[in-house]
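Working through the structure, step by step
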Amino acid sequence: MAKSRVNNRVFGNYGEDLAAEFLSSRGFKIIGRNLSYGPGELDIVAQKGDELHFIEVKTRFSDDFVSPLDAITDKKQRKMLLASECFLMDSSNTFDPDDPPPCFFDVIAIEQKEGGENIELFEDVFQFEL
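Residues numbered from 1 in each chain as written. Predicted model: local features only at pLDDT ≥ 70, side-chain atom pairs only at ≥ 80, totals over all residues. Heavy atoms only, no water.

**Focus: the confidence of the model for the chain**
Mean pLDDT over the chain: 84, with 85% of residues reaching 70 or higher. Scored below 50 in pLDDT, residues 1-5 makes nine contacts in the model with residues more than four places away or belonging to other chains. (pLDDT = per-residue confidence, 0-100. Contact = heavy atoms within 4.5 Å.)

Following this line, the structure appears as structure tokens:
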């Protein structure tokens, strides 16, 4: 997928599709994607065993200079935390907000380069008490 031919949202969706496939192939069950709550959005929510993972997907071209992990600023972390708390309180899921499962904040970095993609999962990149 060439950078000049796509807008950011299309490129982001493409990356999230790749990330969901990548996670599924590694035993994660995708619970939700692009879940919007007042304070922010959760790209992917997945479960693996008894763990709940809130996953930010960062898709980059090989000529981009900002690393995907550097893009997870303190502000972004706070938004993910608030959105994850809203997710746990959402009555449409089966998780008890008073006794949540072990929760992790992860990042999937996808580097689009000539001939394909490089996909890497960084687990538990920041911590908060829920």
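Continuing now.
**Concerning the pairing of strand 1 (residues 29-37)**
Judged from the seven bridges that link them, strand 1 and strand 2 (residues 40-48) form a sheet pairing that is antiparallel. Residue pairing across strands places Tyr 37 opposite Gly 40, the latter belonging to strand 2. Taking the residues that link successive antiparallel strands as the turn, the strand 1-strand 2 hairpin has two residues. (Pairing = 2+ DSSP bridges. Helix = DSSP H or I, 4+ residues; strand = E, 2+ residues; numbered from the N terminus.)

**Let's talk about the sheet that holds strand 5 (residues 116-126)**
On the basis of which strands lie adjacent, the open sheet formed by five strands has the order 1-2-3-4-5 and mixed pairing. Strands with a single pairing partner mark the edges of an open sheet, and in this sheet they are strand 1 and strand 5. Neighbour-to-neighbour, the strand axes of the sheet open up by a mean angle of 30°, direction not taken into account. Of the pairings in the sheet, the one linking strand 2 to strand 3 (residues 51-61) comprises five bridges and is antiparallel in character. Following the sheet pairing, Lys 48 is matched in strand 3 by Glu 51. Its contacts with the sheet place helix 2 (residues 74-89) against strand 1, strand 2, strand 3, strand 4 (103-113) and strand 5, and it is angled at close to 60° to strand 2. (Axes fitted to C-alpha atoms, helices over the stretch in contact; angles between N-to-C directions.)

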